[in-house]
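Coordinate analysis (summary)
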Amino acid sequence: MAARLLLFLLISVTLSHAHFPSGQRLKPRLQRDRRNIRPNIILVLTDDQDQELGSMQAMNKTRRIMEEGGTSFSNAFVTTPMCCPSRSSMLTGKYVHNHNTYTNNENCSSMSWQRQHEPRTFGVYLNNTGYRTAFFGKYLNEYNGSYVPPGWREWLGLVKNSRFYNYTLSRNGVREKHGAQYPQDYLTDLITAESIRYFRSSKRIYPHRPVMMVLSHAAPHGPEDSAPQYSTAFPNASQHITPSYNYAPNPDKHWIMRYTGPMKPIHMEFTNVLQRKRLQTLLSVDDSMEKLYNMLVETGELENTYIIYTSDHGYHIGQFGLVKGKSMPYEFDIRVPFFIRGPNVEQGSINPHMVLNIDLAPTILDIAGLDTPPDMDGKSILSLLDTDKPANRFQVNKKPKVWRDSFLVERG
């Protein structure tokens, strides 16, 4: 009898292990029962939002939700300060030299990208493990709207580059033209309303299924069209006048800086106008964050939701005499805002570790309980969110975290 019992136990253990596939799978901490215990994930992405020029100072609601309610990373950077390359890195967790999207045109949403890299974005991995995935807003600069990228159950992707009015969306593969009426056509408000509608609907129909959404805003990218109620805000904005503002020429820097002279008065006035207009567009993103937060409170999902807020790269407005733009290997273009809040994330904390855009995909996978694929260059930042509080009064010294102290900045 004892021999039969032992044989039965051995067979049961063997069969229980045989069910797991060899590929990616949920970590043991998420296999305790069949109920949904995996958290929701919301990634909020802005376009061209700086950290160095004070753009976050205009977003009091976002700062209250993300700074006071979560952790701020004071050393967050992108590896390529250009829209399509950086966004491709965010989606895949790879450096540019590994996904081969070098500029906003070269290989951006190309057939090569679609064949080799699009099937390996974080959206695909989460969709395959039961997440209700959704994407709203700007995708890649050359996305033409003719297809729905793999991994997204709900898709509302902007065709081509950022606009606030008079744009075309791909709604689950069907092209949808929008005009210039506020508020129904204003892109920031539209994708906010659509994402909230999707989240509520998902929780109503599939209450035990986690949701992963991306809200990819056009703001503060040009043409910098603000909502009408914000068109006169920040009349005296001057945060862009940093120590490097109009500091030119710079013979100690690369060749463009050596040949760029000081701005003329008309250019300096333009930078003042541009700063105002950019901040005005961000006020609608600020409203969006508050609406998302309130929705999570109302649905009872706030405590089981991670929210990540960041930008695809920074921006310059007059720095080193450069009137406007990005793509430069200096901190005003590569440093970005980066916040995270959610379960077990310390509130009101400032984390000094160096985090990158290529860390987004591994982090999202880690939150969902998935291991980082070997072809991703980034690392999950979840380990950096440990509070390091001693378990008891006798535990004083802990080993310092092993983390990067450098990274590669590249562009085509």
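Right above here is the structure, for reference.
We now turn to the structure provided with this report. The structure presented is a predicted model; accordingly, all values stated were derived computationally and were not measured.

The subject of this paragraph is the environment of Asn 236. By secondary structure assignment, the location of Asn 236 is in the loop between strand 7 (211–216) and helix 8 (255–259). Each C-alpha atom of the pair Asn 236 and Arg 276 lies 7.8 Å from the other, and the pair is 40 residues apart in sequence.

This part covers the environment of Pro 362. Residue position: Pro 362 is located in helix 11 (residues 360–367). Along the backbone, Pro 362 and Phe 122 are 240 residues apart, and their C-alpha atoms lie at a distance of 7.9 Å. When sequence neighbours within four positions are dropped, the list of residues in contact with Pro 362 reads Gly 93, Thr 372, Met 376, Gly 378, Lys 379 and Ser 380.

The next point concerns empty space enclosed by the protein. Throughout the structure, instances matching the rule amount to three cavities of 30 Å³ or more. In this structure, the largest cavity spans a volume of roughly 70 Å³. Forming the boundary of the largest cavity are Leu 43, Leu 45, Arg 87, Met 90, Leu 91, Phe 122, Phe 135, Lys 138, Tyr 139 and Val 214. Secondary structure elements with two or more residues in the lining of the largest cavity: strand 1 (40–46), helix 3 (83–92) and strand 3 (132–138). Among the elements that line the lining of the largest cavity, the one with the most residues is helix 3, at three residues. The residue makeup of the lining of the largest cavity, split by class, is eight nonpolar, no polar and two charged.

Looking at the element boundaries, Asn 141 is found in the loop between strand 3 and strand 4 (154–158). Owing to a relative accessible area of 5%, Asn 141 belongs among the buried residues under this scheme. Polar contacts involving the side chain of Asn 141 include one to the side chain of Asn 161, which spans 3.5 Å. Asn 141 has contacts with Cys 83, Cys 84, Asn 104, Cys 108, Lys 160 and Asn 161, leaving out every residue within four places of it along the chain.

Once that is clear, we can look at the environment of Val 96. As for its position among the elements, Val 96 is in helix 4 (residues 96–99). Once the C-alpha coordinates of Val 96 and Thr 79 are considered, the two residues, 17 residues apart in sequence, prove to be 8.0 Å apart. Leave out the neighbours within four places in its chain, and Val 96 touches Thr 80, Pro 85, Ser 89, Thr 101, Tyr 102 and Glu 410.

This brings us to the packing of helix 7 (residues 187–205) against helix 9 (residues 265–298). Put simply, helix 7 and helix 9 touch, their axes get as near as 10 Å, and they point 10° apart. By the angle between their directions, the pair helix 7 and helix 9 is classed as roughly parallel. In contact with Thr 188, Asp 189, Thr 192, Ser 195, Ile 196, Phe 199 and Arg 200 of helix 7, helix 9 contributes Ser 284, Val 285, Ser 288, Lys 291, Leu 292, Met 295, Leu 296 and Glu 298.

This paragraph deals with the state of the cysteines. Counted according to the given criterion, the structure contains one disulfide. Between the sulfur atoms of Cys 84 and its disulfide mate Cys 108 the distance is 2.0 Å. What sets the handedness of the Cys 84 and Cys 108 disulfide is the S-S torsion sign, and at about 90° it is right-handed. Linking Cys 84 in helix 3 with Cys 108 in the loop between helix 4 and helix 5 (111–116), this pair joins segments that are 24 residues apart in sequence. By the burial criterion, Cys 84 is buried, and Cys 108 matches it. Of all cysteine sulfurs, the one in Cys 84 lies closest to Cys 83, which takes part in no disulfide; the gap is 8.3 Å.

A few words now on the packing of aromatic side chains. In this structure the tally under the stated criterion is 19 aromatic pairs. Taking the centre distance of 6.4 Å and the plane angle of 45° together, the rings of Trp 152 and Trp 155 count as tilted. Considered together, Trp 152 and Trp 155 belong to a single accessibility category, that of buried residues. Members of the aromatic cluster, joined through ring pairs, are Phe 122, Phe 135, Tyr 139, Tyr 143, Tyr 147, Trp 152 and Trp 155. The positively charged end of Arg 278 is found above the aromatic ring belonging to Tyr 315, 4.0 Å away from the centroid. The aromatic ring of Trp 403 is capped on one face by Lys 379, whose charged end is 4.1 Å from the ring centroid.

Examined against the element boundaries, Thr 71 turns out to sit in strand 2 (residues 71–77). Engagement of the side chain of Thr 71 in a polar contact is seen with the backbone oxygen of Glu 346, the distance being 2.8 Å.

With that settled, the discussion passes to the nonpolar core. By size, the foremost hydrophobic cluster in this structure holds 50 residues, and its most contacted members are Ile 41, Phe 73, Phe 122, Leu 126, Tyr 139, Met 212 and Phe 338. Looking at this core, the element that brings in the most residues is helix 11, giving five residues. Beyond its immediate chain neighbours, meaning those up to four positions away, Phe 122 contacts Leu 43, Met 90, Leu 91, Trp 152, Met 212, Val 214, Ala 361, Ile 364 and Leu 365. Among the nonpolar cores identified, the runner-up in size contains 43 residues, and Leu 158, Ile 196, Ala 237 and Phe 339 belong to it.

The rules behind each value
- Residues numbered from 1 in each chain as written.
- Predicted model: local features only at pLDDT ≥ 70, side-chain atom pairs only at ≥ 80, totals over all residues.
- Heavy atoms only, no water.
- Helix = DSSP H or I, 4+ residues; strand = E, 2+ residues; numbered from the N terminus.
- Contact = heavy atoms within 4.5 Å.
- 1 Å grid on protein atoms, 1.4 Å probe; cavity = no way out; pocket = protein on both sides within 12 Å on 5 of 7 lines; lining within 4 Å.
- Points joined across faces, edges and corners; volume = space filled by probe spheres on them.
- Nonpolar A, V, L, I, M, F, W, Y, C, P; charged D, E, K, R; others polar.
- Buried < 20%, exposed > 50% of the residue type's maximum accessible area, 1.4 Å probe, protein only.
- Polar contact = N/O pair within 3.5 Å; in protein donor to acceptor, adjacent residues only side chain to side chain.
- Axes fitted to C-alpha atoms, helices over the stretch in contact; angles between N-to-C directions.
- Parallel < 35°, antiparallel > 145°, perpendicular 65-115°, else oblique.
- Disulfide = S-S within 2.5 Å.
- Phe/Tyr/Trp six-rings, centres within 6.5 Å; stacked < 30°, edge-to-face > 60°.
- Lys NZ or Arg CZ within 6 Å of the ring centre and 35° of its normal.
- Core = buried A, V, L, I, M, F, W, Y, C linked by side-chain atoms within 4.5 Å.

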